[in-house]
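Reading the structure
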Amino acid sequence: MAEQATAQIGVTGLAVMGRNLARNLARNGFTVAVHNRTPARTRSLVAEHGDEGTFVPGETMADFVASLERPRAVIVMVKAGAPTDAVIDELVPLLEEGDIIVDCGNAHFADTRRREEALRAQGLHFSGTGVSGGEEGALLGPSIMPGGSAESYAKLGPMFEKIAAHVDGVPCCTHVGPDGAGHFVKMVHNGIEYADMQLIAEAYDLLRAGLDATPAEIAEIFRDWNNGELESFLIEITADVLAHTDAATGRSFVDIVQDRAEQKGTGRWTVQSALDLGIPITGIAEATFARSLSGHVDQREAARRAFPDAGEKWQVADRDAFVEDVRRALLASKIVAYAQGFDHIRAGSKEYAWDIDLGGTATIWRGGCIIRARFLNRIREAYDEQPDLPTLLVAPYFAEAVGAGVPSWRRVVADAARAGVPTPAFSSSLAYFDALRAERLPAALIQGLRDNFGAHTYQRVDRAGSFHTTWAGDRTESPA
Ligand code: NBP
């Protein structure tokens, strides 16, 4: 039994993420209570890293809770879903009014809303907190997206802001908003990560097909791109992965890896939520479907046999111009993906009354997380200048980058289509851009069709109100 309550914060769940988060807190001078369902993990943490700071190990949940100063702050870092509920159920009888449970796992924001409501009724705070950056980020400084009450953030904020990544002296952590806001923003972050990776993969594929270049040569192109507007963690590690040689075969690493991508589900959640909110996040959706398609091995095999030569031979005349076209198309498509992601956050914030600061969200993604990138500064500036910006695409910096890239974007997508190279994210981003800027959309015809077969009515351009035409009769129009 712990003798006195000395720990400022506790972490239960000491697999890779919890262990590293606890070490990060201890290294930053906080006294950290630690606990894991299987006590061997707690013991090994203290045995291997006890000299990094002050840990208070608890063999049982009761010991662990007793070692925490009040109001208690308990980070739960276990497998998302039923394990999180099991841990909360075990904790609640041991806690007192005003104590805080922080779920740093990858929970669905709807689960977070449910848990927050239930715990609030029992006088407890529940902070659903998104943590990005993987195991290295958890140890060295993640991007932290806490949701929950302002009161809980008053206790958690100083600790989280200290252990988070910092960019230009600013912590990559801010209070995102009430109940599920933190996990919602983390979910969209992961969705953008899907789109970003798919776009990078398509750029690689285009360069490989168009230039007939080796992965090592393409690695150099990405390395070069990382010195400009595209500078980001993902572009940097793309160069690393492409340059890597498989020790066993001496071949390029990307050529000995199966071309099937996994997904843990956050991309799917993002798309589902966007469908519910009516927000077209086409880049994220294409990226999620592209992963699904890659896994349909039997269908791919059948189609490959049926259509062995479906494209023209690609002949790039000017290699440098082509590389620049792909770079510009990548930047424009990436801007579309971020514009859509921020639209999604704005819609979620409105739907659930979270009042999320969009510029502040861009700020906390500048470091620590997987999508950290130079141009997040520009997103923050855009929303600082105009908080009600209709779309990021029209903010001056992004409008210029997209405008300058349009001819390249069209050439790349058209050439890829002719050559039969799939570019679902590049081409759907261009289609989104063209649809947004179109004078008239064919949705007018869709209104007509819906009225024809289902009397769903339509609106006219020249008069207010809804109307219906008697399509099966004399085709007169009447107000609906
Ligand atoms: P895992 O997601 O692999 O979970 C393992 C932990 O959950 C262990 O501590 C395990 O205890 C505990 N646990 C399970 Br499983 N069922 C339990 C139960 N019924 N009661 C109590 N404890 C239980 O760990 P992780 O990879 O460190 O991730 C932790 C969380 O962080 C997850 O929600 C994950 O989605 C999220 N996350 C992970 C990353 C990443 O890069 N890995 C990044 C960002 C967020 P045991 O030791 O007794 O089995």
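Residues numbered from 1 in each chain as written. Predicted model: local features only at pLDDT ≥ 70, side-chain atom pairs only at ≥ 80, totals over all residues. Heavy atoms only, no water.

As annotated in an unreviewed UniProt entry, the chain carries the name 6-phosphogluconate dehydrogenase, decarboxylating and comes from Micromonospora parastrephiae. According to UniProt, the comment filed for the chain under the heading Function (unreviewed entry) is "Catalyzes the oxidative decarboxylation of 6-phosphogluconate to ribulose 5-phosphate and CO(2), with concomitant reduction of NADP to NADPH." UniProt, in the comment section headed Catalytic activity (unreviewed entry), describes the chain in these words: "6-phospho-D-gluconate + NADP(+) = D-ribulose 5-phosphate + CO2 + NADPH". (UniProt positions renumbered as here; feature names shortened; annotations may be inferred.)

If you trace the backbone, Ile379 turns up in helix H17 (residues 376-385). Remark: the alpha-carbon pair of Ile379 and Asn28, spanning 351 residues in sequence, is separated by 30 Å. Dropping the residues within four chain positions of it, Ile379 is found in contact with Tyr338, Phe342, Ala362, Leu392 and Phe398. (Helix = DSSP H or I, 4+ residues; strand = E, 2+ residues; numbered from the N terminus. Contact = heavy atoms within 4.5 Å.)

Every α-helix carries 3.6 residues per turn, so stepping three or four residues along brings you back to the same face. With 14 residues, helix H19 (residues 424-437) should cover 20 Å at 1.5 Å per step; its first-to-last C-alpha distance of 20 Å lies within 8% of that length. Within H19, the full set of buried residues consists of Ala425, Phe426, Ser428, Ser429, Leu430, Tyr432, Phe433 and Asp434. Along its buried surface, H19 packs onto helix H8 (181-211), helix H13 (282-295), helix H15 (319-351) and helix H18 (396-419). (Expected span 1.5 Å × (residues − 1). Buried < 20%, exposed > 50% of the residue type's maximum accessible area, 1.4 Å probe, protein only.)

Attention now moves to the side chain of Arg115. With respect to the secondary-structure elements, Arg115 resides in helix H5 (residues 109-120). Classification of Arg115 as buried rests on a relative accessible area of 3%. Excluding residues that lie within four positions of it along the chain, Arg115 makes contacts with Gly81, Thr84, Asp85, Ile88, Asp103, Ala107 and Phe126.

Our next topic: unusual backbone geometry. Of note, the amide linkage connecting Arg70 to Pro71 takes the cis form, showing an omega dihedral of -10°. Mapped onto the secondary structure, Pro71 falls in the loop between helix H3 (61-66) and strand S4 (73-76). Of note in this structure, Arg475 is not a glycine but carries a positive phi near 60°. One can find Arg475 in the loop between strand S11 (466-469) and strand S12 (477-479).

Right, let's get into the packing of H8 against H13. Interhelical geometry of H8 versus H13 gives an angle of 70° and a closest axis separation of 8 Å. Viewed along their axes, H8 and H13 adopt a mutual orientation that is roughly perpendicular. Across the interface between the two elements, Gly191, Ile192, Tyr194, Ala195, Met197 and Gln198 from H8 touch Gly283, Ile284, Ala287, Thr288, Ala290 and Arg291 from H13. Counted by class, the contact of H8 with H13 contains seven nonpolar, four polar and one charged residues. (Axes fitted to C-alpha atoms, helices over the stretch in contact; angles between N-to-C directions. Parallel < 35°, antiparallel > 145°, perpendicular 65-115°, else oblique. Nonpolar A, V, L, I, M, F, W, Y, C, P; charged D, E, K, R; others polar.)

The subject of this paragraph is the side chain of Lys334. Mapped onto the elements, Lys334 comes out in helix H15. Overall, Lys334 belongs to the buried group, its relative accessible area being 3%. Discounting residues that sit within four places of it in the chain, Lys334 has contacts with Asp196, Leu199, Leu230, Ser232, Ala373 and Phe375.

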